[in-house]
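Letter by letter, the chains look like this.
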Amino acid sequence: MFAKQKLEFNWCAPVSGDGFYLGLPVWERPPSLEYTVEIFKTAERFGFRQILIGMGFNHHVMEAWTLATAVLALTINAGAMVAVRPGFYSAPILAKMVVTLDCISKGRLSLNIVTGGRPKEQAMYGDYLDHHSRYRRTREFMQICRQLWSTTKGAMRFCQIQ
């Protein structure tokens, strides 16, 4: 017998701009903090629990972690699911960033771990690992983060969310 699970719908904040149609070469509305905050507040009004802040590669795309930090400081209820690519962060530094932002946001942070994408996209940032190597790196990365989050007394658990 299947356990009853609550179906949840989440929303996405465009980090590269927005418009009536997806995939246009030039966006009708460029990315901005103000627009992203507006999206979060609208999502909150409609009862969405969290909004994905993706990670893009083009120069006109806002950086996900910085954007999430600013938006979570300016909103109240909806959480941010921030895309993280293990090849672009040091595991101990990210572990500390996660604890800090989760504390600041009063527990409204979640992560979307992205192991990789298209080889050309990965290469734009100097990541030339093959598929299997990227998954091995992600596994090691998450092991380090989980160990820091669960075994360190005080250093990585300094925030008591109330």
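Numbers given to residues run from 1 along each chain, matching the order in which its sequence is written. In keeping with the predicted nature of the model, local features appear solely for residues at pLDDT of at least 70, side-chain atom pairs appear and are counted solely at 80 or more, and the whole-chain, interface and lining totals rest on all residues. Note that water and hydrogens are dropped before the side-chain values are worked out from all heavy atoms of the structure.

Draft legend 1. A look at the environment of Gly47. Put simply, DSSP H or I for four residues or longer makes a helix, DSSP E for two residues or longer makes a strand, and each gets a number counted from the N terminus. Assignment of secondary structure puts Gly47 in the loop between helix H1 (33–45) and strand E2 (50–53). Judged by its relative accessible area of 60%, Gly47 is exposed. Here the alpha-carbon distance between Gly47 and Asn10, two residues 37 residues apart in the chain, equals 9.5 Å. Burial here depends on accessible area, computed with a 1.4 Å probe over protein chains only, as a share of the maximum for the residue type. Under 20% is buried, over 50% is exposed, and the range in between is partly exposed.

Draft legend 2. Region of the structure containing the pairing of strand E3 (residues 79–84). Within E3, five of the six residues are buried, which leaves it mostly tucked inside the rest of the structure. Any two strands between which DSSP finds at least two bridges are classified as paired. Note that E2 and E3 share four bridges and pair parallel. Within the sheet, the bridge partner assigned to Leu52 lies in E3 and is Met81. Pairing of E3 with strand E4 (residues 109–113), which is carried by five bridges, proceeds in the parallel orientation. By the bridge assignment for E4, Val82 is matched with Leu111. Crossovers are described as right-handed under a simple rule: with the strands pointing away from the observer, the path leading from the first strand over the helix to the second runs clockwise. A crossover links E3 with its parallel partner E4, the connecting element being helix H3 (residues 91–104), and its sense is right-handed.

Draft legend 3. Spotlight on the environment of Glu38. Here Glu38 is to be found in helix H1. On the basis of relative accessibility, which here comes to 43%, the residue Glu38 falls in the partly exposed class. C-alpha of Glu38 to C-alpha of Val71: the two residues are 33 residues apart in sequence and 9.4 Å apart in space.

Draft legend 4. Just the sheet that holds strand E1 (residues 11–13), in detail. The strand order across the open sheet formed by four strands is E1-E2-E3-E4, and the pairing between neighbours is parallel. Because the sheet does not close on itself, it has two edges, and the strands there are E1 and E4. Strand-to-strand, the axes of this sheet are offset by a mean angle of 30°, without reference to chain direction. Note on contacts: a residue pair qualifies if any of its non-hydrogen atoms lie within 4.5 Å across the two residues. Axis lines are fitted through C-alpha atoms, for helices just across the contact stretch, and the angle between N-to-C directions can take any value from 0 to 180 degrees. The sheet strands contacting H1 are E1, E2 and E3, and the helix crosses E1 at an angle near 165°.

Draft legend 5. Examining the pattern of salt bridges more closely. The rule for a salt bridge is simple: a side-chain nitrogen of Lys or Arg has to be within 4 Å of a carboxyl oxygen of Asp or Glu. Counting across every chain of the model gives three salt bridges. Salt-bridge contacts for Glu121 lead to Arg118; the nearest nitrogen and oxygen are separated by 3.5 Å. Look at Glu121 and you get buried, because its relative accessible area is 18%. In this structure, Asp127 engages Arg137 in a salt bridge whose closest nitrogen and oxygen atoms are separated by 2.7 Å. Highlighted residues: Asp127 in the loop between helix H4 (119–123) and helix H5 (131–151) and Arg137 in helix H5, separated in sequence by ten residues.

Draft legend 6. Focus on the nonpolar core. In plain words, nonpolar cores are sets of buried Ala, Val, Leu, Ile, Met, Phe, Trp, Tyr and Cys residues tied together by side-chain atoms within 4.5 Å. Grouped together as the largest cluster of nonpolar side chains are 32 residues, with contacts concentrated most on Phe40, Ile53, Trp65 and Leu94. Elements with a contribution of two residues or more to this core: H1, E2, helix H2 (64–74), E3, H3 and H5. Setting aside residues no more than four positions away along its own chain, Ile53 makes contact with Ala13, Val15, Phe40, Ala64, Leu67, Ala68, Ala80, Met81, Val82 and Ala83.

Draft legend 7. Geometry of the environment of Glu8. Note that Glu8 resides in the segment before E1. Sequence-wise, Glu8 and Gln50 are 42 residues apart; in three dimensions their C-alpha atoms are separated by 9.7 Å.

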